[in-house]
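Here's the letter readout for the chains.
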Amino acid sequence: MTVIPGTRLAEASGLHKTFGDIHAVNDVSLHIDAGETYGLLGPNGAGKTTTISILAGLLEADEGTVMVAGERIRPRSTRGRAAIGLVPQDLAIYPDLTAEENLKFFAALYGMSRRDSAPRIAEVLDVIGLTDRRKDRTSKYSGGMKRRLNIGIGLLHSPRLLILDEPTVGVDPQSRNAILESVETLSGEGMAVLYTTHYMEEAERLCDRIGIIDSGRVIAEGTRAELTASIGEQERIRIEVTGQVADAASRLRGLDGVTDVAAEDDAVVVLADDGSARLSAIIERLAGAGAQIGSIDLARPDLEAVFLHLTGKALRE
Amino acid sequence: MSAVVTITAKDLKERLRDKSFFLLGILTPLVLAFVLDLVMGDLGEGQLEVDIAVVDADGSVVSSQLRAGIAGLDGEGGLEVTVLDADADPDAVIDADGYDAVIVIPDDFGDRVTADGGSAPELGLVENPDRPVQAGVAESIVVGFTTNIERARLLARAADELGLDVAPVPPATGIELDRVWPGGEGLDTGARMMAGMAVMFVFFTVQFGVTTLLDEKKSGTLTRLLAAPIRRDSITAAKGAVSFLLGVLATMILMVTGTLLMGADWGPWLGVSALVVSAVLTAVALMAIVAGIAKTSEGASAAQAIIAVGLAMLGGSWFPVSGEGLMGLLAKMTPHYWFLNGLEDLTDATTWTVVGRPVLAMAVIAVVAGVPAAVLLRRRLRP
Ligand SMILES: Nc1ncnc2c1ncn2[C@@H]1O[C@H](COP(=O)(O)OP(=O)(O)OP(=O)(O)O)[C@@H](O)[C@H]1O
Ligand SMILES: [Mg+2]
C-alpha cells in the first residue's frame, strides 16, 4: 500500500437519508484524507451509523454521493468496496467458527489468495491479541475478545479507509486502550480512519478532525482546537445532583454569566464565562432548589462544552 | 461466482459441525420410517392381501362355471378365495370369519345368462366396512366378471341371430386386478415409509440453508457480507445452494439406507437421483418463501415445521393418497405426491425415464415457488 499523506481518500457530499418521518441524515458532507483520523461525535440516534452505512455502500442515500479511492460507492455496485474496511457497531462474527476460520472466510470474500492471506491472518491475530485462542470457537470468547476480532476482520484486507462504528462500547478499560492504540498505529501507517463515538475523550485523543453530529446534521467541524475556540473562554462545570435534576437545571438558566445549562441523569452541566467565579452563585441556587450536591467538576473548554453550547444538550443524556 | 462458493463452503462447514443437521435431517426420518413400518407392517409385504369368499346360491351349470373361475384366482396377486355353502349368510361370515368381501351369485343367475334378452345378469357383493381398500379389490373382480359375462352373452346372441355356432366364452378370461393400492403397487410398506419420511424431512433439512440468512442478520454478519466487494445476488445464491446440497445429501443418505437396511428396491438410481434433485429444489423454493417473509429464524422454523408436516400429509408421506377429487388436486400441488408416485413407477420400470412426468411436475412447482422466493429473499439483504 503506497499512501501519499494528504490525498483526498473519501468524500461524501450532500447526503440525505430518511426513514419514514425521521430525517436520519440531513445534508451531511465530509471528507477524509489519507493518514487522517476523522471523528464523528454525536449522541445516540444522531445519525452516525446511518452516515457510515451510506459511506460503506450498505445503504442507498436518498440524495448525495460518496466517493472512496476514486470510485463512486453504491449498494448495487462492488466498485471501491475493497478499499473500505468496516467495523460495525454491533458484533459481526460467526459464533460457530473459530477466530481463524472467521478471518479466513472474510479474506476469501475480499478476494485474497490463500498464500497472501495466511501471513496476513497471523499478523492480524497478533495485533488483536488472539493468536493463542485462534482455534477456539468465538462463541466461547469474552465480550472484549469478540470486539477485538470484530475489529480484526475490518483490518484484514488492509483497507485504505477503515470505518469504526463505536468500537469501544461495552469494552473493559484495558481492551479499550488497546483498541485506541491500534487505531493510532494504523493511522500512523497512512490508513484513513473514520471513527464514530459518543465518548468525547476518544474523539479528542484519536481524531485529527472532528465533526459534531446531532439530529442528522453536522453542526460543527474542525480540529479540537478550532472547535473549542469557537466557544471562547468559557468553562464547563459539571455538578452531580440528586433530586429534581431537571428542575434544578432550569433554575440555573438566566443566572448571570451562565450561557448554557443541560441536565444529565444525575448531574447538571453548566457553561459559564469565568466559571470559577460563578461557582458559589450556582451552588447557592441549586441548594435553594432543594438539590443534594455531590462532586463538582470544573473543566477547561472541551468538546462536550462545544456540544452543549451548540445544542443545549449534554452529549450523554 | 467465487463468492458463492466461499459463502457456501463456510455455511456447509458451520452446518455439518452442528449436530442438528444429522439429528433432524437423517436420524429422525430414519427412526420414524422404522417405527411406522413396524406399526403399519400388517398392511402386507409388498402386496395387499385380500380375503374373498364366494356364495353360489344358484347352483346351475353356468353359475358353477363362474364360481370355479373366481375360485381360480386363489393365490394370485395376494388374493385368497374361499367357496362357501350355498346357504351361507354373507354378513354373518364377514363378522365371524373376517372376510374382506363376499361375492354372491344370485339364484336366478344361470337363467338370466341363458335367457334371450332381458336385463344383464348381476352379481352381489357384500363388503367388510372395516376393510374398504380390500373390498375395493373384490369389487373390481366382480365388475370384471360381469362385464365379461355380459360381453359373452351379447356375442352369443349376435351369433345366434346370424345363425353362427360360437363356443361360449369362458368367464374368467382377461380379468385384471387393477385396483390394488391407491397410489400404485410398486413399493412395499417399509420402502414407502422411508421415501415418505425422506421427502417430508428434506423440508426441515433445507431450512439449514435459506433460514441462515436470518441468522446472518442476527449475528450481524449480514452487514459484513453486504459491505464486501461481492454481488448481493451471490449471498442469496449461496444460501440456496447450501439448502440444496444439504437436502440432496440427507435424502440420498436416506434412500441408500433404505436399500441397505430395509431392502428397498427403488429401481434405476439415475431415476432416483432425478426425483431427489427435483424434490429438493421444490423444498428449497417453498422454504425460501418462508425465510423471505419471516421476521426471525425462530418464527421461520415454526412456520416451516407446520408447512413441512402439512404438505407431507397432503402429499402422502404419512399415508397413501389417491390422485382424485379435491384432496387429489391438493396432493398434486405437493412435491411429496410426485416424488412418491415417481418412485412407485420407477421400482417396476426398466428405464429411469419413467420419472419424466413427476420430475416435470416438481420442476413446475419449483419455478412457481422459486420466483417469489428469490424476490423475497433479495429484499432481506438490508443492513
Ligand atoms: N432501519 C431504520 N429504520 C428506521 N429508522 C432508523 C433505521 N436506522 C436508523 N433509524 C433511525 O435513524 C436515526 C439515526 O440512527 P443511527 O443509528 O444512525 O444513530 P447513531 O448516531 O448511530 O446512534 P447510536 O449512537 O445509538 O448508535 C435514529 O432516530 C434511528 O431510530
Ligand atoms: Mg450507531
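Keep in mind that this is a model prediction, so the values were computed, not measured. (Residues numbered from 1 in each chain as written. Chains lettered and ligands numbered in written order. Predicted model: local features only at pLDDT ≥ 70, side-chain atom pairs only at ≥ 80, totals over all residues. Heavy atoms only, no water.)

### Focus: the overall build of chain B
Part 1: When helices and strands are counted, chain B shows 16 helices and four strands.
Part 2: Since a compact globule built from 383 residues should have a radius of gyration of about 21 Å, the 28 Å found for chain B marks it as more spread out than a globular shape.
Part 3: Seen along its three principal axes, the alpha-carbon backbone of chain B occupies a region of about 95 × 45 × 35 Å.
Part 4: Surface exposure of chain B reaches about 17400 Å², of which carbon and sulfur atoms provide 62%.
Part 5: Of the side-chain charges in chain B, 26 are positive and 45 negative, and the distance between the mean point of each set is 29 Å. (Helix = DSSP H or I, 4+ residues; strand = E, 2+ residues; numbered from the N terminus. Rg over C-alpha atoms; globule rule 2.2 N^0.38 Å. Areas by Shrake-Rupley, 256 points an atom, 1.4 Å probe, with all protein chains shown as cover. Lys, Arg positive; Asp, Glu negative; His and termini not counted. Charge placed at Lys NZ, Arg CZ, Asp CG, Glu CD.)

### Let's talk about the interface of chain B and chain A
Part 1: At the junction of the two partners, chain B supplies 23 residues and chain A supplies 28 residues.
Part 2: When chain B packs against chain A, the two sides together hide about 2200 Å² of surface, and 63% of this comes from carbon and sulfur.
Part 3: Its largest share of buried area at the contact with chain A, chain B owes to Arg17(B), Arg224(B) and Pro229(B), together 32% of the area lost on that side.
Part 4: Inspection of the chain B/chain A interface yields one salt bridge.
Part 5: A salt bridge links Glu101(A) to Arg17(B); its shortest N-O distance comes to 2.7 Å.
Part 6: On the surface where chain B and chain A come into contact, there are 10 residue pairs in polar contact (both at pLDDT 80 or more). (Contact = heavy atoms within 4.5 Å. Buried area = accessible area lost by both parts, 1.4 Å probe. Salt bridge = Lys/Arg side-chain N within 4 Å of Asp/Glu carboxyl O. Polar contact = N/O pair within 3.5 Å; in protein donor to acceptor, adjacent residues only side chain to side chain.)

### Here's the deal with the packing of aromatic side chains
Part 1: Evaluation of the coordinates by the stated rule reveals seven aromatic pairs over all chains.
Part 2: Residues Tyr94(A) and Phe106(A) carry aromatic rings whose centres are separated by 5.9 Å and whose planes lie at 20° to one another, so their mutual orientation is stacked. Of the two residues, Tyr94(A) is situated in the loop between β6 (84-87) and α2 (99-109) and Phe106(A) in helix α2; the sequence distance between them amounts to 12 residues. An identical accessibility class is assigned to Tyr94(A) and Phe106(A); each is buried.
Part 3: Between Phe21(B) and Phe22(B), the aromatic rings sit 5.2 Å apart at their centres with planes inclined by 70°, giving edge-to-face as the arrangement.
Part 4: Following the ring pairs from residue to residue traces out a cluster consisting of Tyr94(A), Phe105(A) and Phe106(A).
Part 5: Its guanidinium or amino end placed over the ring of Tyr199(A), Arg176(A) lies 4.5 Å from that ring's centre, counting from NZ or CZ.
Part 6: The ring of Phe105(A) has Lys10(B) sitting right over it, with the charged end atom 5.3 Å from the ring centre. (Phe/Tyr/Trp six-rings, centres within 6.5 Å; stacked < 30°, edge-to-face > 60°. Buried < 20%, exposed > 50% of the residue type's maximum accessible area, 1.4 Å probe, protein only. Lys NZ or Arg CZ within 6 Å of the ring centre and 35° of its normal.)

### Comments concerning a negative patch on the surface
Residue and element names in this part refer to chain B.
Part 1: Taken together, Asp89, Asp91, Asp95 and Asp130 make up a surface patch of like negative charges.
Part 2: As for its placement among the helices and strands, aspartate 89 is situated in the loop between β2 (79-84) and α4 (90-97).
Part 3: Residue class for aspartate 89 comes out partly exposed when judged on its relative accessible area of 44%. (Patch = residues over 30% accessible without salt bridge, like charges linked within 9 Å, V, L, I, M, F, W, Y side chains within 5 Å.)

### Here's the deal with the site of ligand 1
Residue and element names in this part refer to chain A.
Part 1: Taken together, the neighbourhood of ligand 1 is formed by 13 residues, with Gly45, Lys48, Thr49, Thr50 and Glu166 sitting nearest.
Part 2: In the model, an oxygen atom of ligand 1 is placed 2.8 Å from a nitrogen or oxygen of the lysine 48 main chain.
Part 3: When ligand 1 sits alone it has 630 Å² of accessible area, and the protein chains cover 62% of it.
Part 4: Of all the secondary-structure elements, those providing two or more residues to the shell around ligand 1 are β2 (22-33) and α1 (48-55).
Part 5: Element by element, the count of residues in the shell around ligand 1 is highest for α1, at three residues.
Part 6: Here the residues of the shell around ligand 1 sort into five nonpolar, six polar and two charged. (Near = heavy atom within 4 Å. Nonpolar A, V, L, I, M, F, W, Y, C, P; charged D, E, K, R; others polar.)

### Looking at unusual backbone geometry
Residues and elements named next belong to chain A.
Part 1: We note that aspartate 27 has phi near 60°; this positive angle belongs to a residue other than glycine.
Part 2: Considering the arrangement of structural elements, one finds aspartate 27 in strand β2.
Part 3: Accessibility expressed as a relative area gives 44% for aspartate 27, which makes it partly exposed.
Part 4: Even without glycine at this site, serine 215 takes up a positive phi of about 45°.
Part 5: With respect to the helices, strands and loops of the structure, serine 215 is situated in the loop between β9 (209-214) and β10 (217-222).

### A word on the sheet that holds strand β11 (residues 234-242) of chain A
Residues and elements named next belong to chain A.
Part 1: Taking strand neighbours across the sheet as the criterion, the four strands line up as β12-β13-β11-β14 in an open arrangement whose pairing is antiparallel. Single-partner strands in this sheet number two, and they are β12 (258-263) and β14 (292-299). For this sheet the average axis-to-axis angle between neighbouring strands, irrespective of direction, equals 20°.
Part 2: Of the strands in this sheet, β11, β12 and β13 (267-273) touch helix α8 (residues 245-252), which is tilted by about 175° from β12. (Pairing = 2+ DSSP bridges. Axes fitted to C-alpha atoms, helices over the stretch in contact; angles between N-to-C directions.)

### With respect to the coordination of the magnesium ion (ligand 2)
Residue and element names in this part refer to chain A.
Part 1: Binding of the magnesium ion (ligand 2) to the protein goes through Thr49 (OG1) and Gln89 (OE1), at separations of 1.9 to 2.1 Å. On the criterion of sequence distance, the pair formed by threonine 49 in helix α1 and glutamine 89 in the loop between β6 and α2 is long-range, its members being 40 residues apart.
Part 2: The class of threonine 49 is partly exposed, set by a relative accessible area of 31%.
Part 3: Residue classification places glutamine 89 among the partly exposed positions, given a relative accessible area of 27%. (Donors = N, O, S within 2.8 Å, 3.2 Å for Na, K, Ca; no water.)

### A closer look at the nonpolar core
Part 1: Counting 126 residues, the largest nonpolar core has Leu109(A), Leu149(A), Leu161(A), Ile163(A), Trp266(B), Phe339(B) and Leu343(B) as the members making the most contacts within it.
Part 2: The greatest single-element share of this core, amounting to 13 residues, is contributed by helix α12 (residues 269-293) of chain B.
Part 3: Leave out the neighbours within four places in its chain, and Phe339(B) touches Ala195(B), Val199(B), Met255(B), Leu275(B), Val276(B), Ala279(B) and Met362(B).
Part 4: Listed in part, the 33 residues of the second largest apolar core include Leu155(A), Leu186(A), Ile212(A) and Ala220(A). (Core = buried A, V, L, I, M, F, W, Y, C linked by side-chain atoms within 4.5 Å.)

### Here we look at the environment of Lys135(A)
Residue and element names in this part refer to chain A.
Part 1: Along the chain, the position of lysine 135 falls in the loop between α3 (114-127) and α4 (143-155).
Part 2: For lysine 135, a relative accessible area of 56% gives the class exposed.
Part 3: In this structure the C-alpha to C-alpha distance between lysine 135 and threonine 98, which are 37 residues apart in sequence, comes to 5.3 Å.
Part 4: Looking at lysine 135, its side chain comes within polar contact range of the side chain of glutamate 100, at 2.6 Å.

### What to know about the domain arrangement of chain A
Part 1: In terms of domains, chain A is made up of domain 1 (8-227) and domain 2 (233-300).
Part 2: Inter-centroid distance (C-alpha atoms) of domain 1 of chain A to domain 2 of chain A is 37 Å. (Domains from an automatic or database assignment.)

### Details of the packing of helix α1 (residues 2-17) of chain B against helix α11 (residues 232-262) of chain B
Residues and elements named next belong to chain B.
Part 1: Packing of α1 against α11 leaves a shortest axis separation of 8 Å and a crossing angle of 45°. On the basis of the axis angle, α1 is oblique to α11. With respect to the hand of their crossing, α1 and α11 are arranged in right-handed fashion. Taking contact as the criterion, the partners of Ala3, Val4, Ile7, Thr8, Lys10, Asp11, Leu12, Arg15 and Leu16 in α1 are, on α11, Ser234, Ile235, Ala237, Ala238, Lys239, Ala241, Val242, Leu245, Leu246 and Leu249.
Part 2: For the contact of α1 with α11, a count of residues per class yields 13 nonpolar, two polar and four charged. (Parallel < 35°, antiparallel > 145°, perpendicular 65-115°, else oblique. Left-handed = near helix turned anticlockwise from the far one by under 90°.)

### So, the environment of Ala92(A)
Part 1: Mapped onto the fold, Ala92(A) is located in the loop between β6 and α2.
Part 2: Considering only alpha carbons, one finds Ala92(A) and Ile283(A), 191 residues apart in sequence, at a separation of 47 Å.

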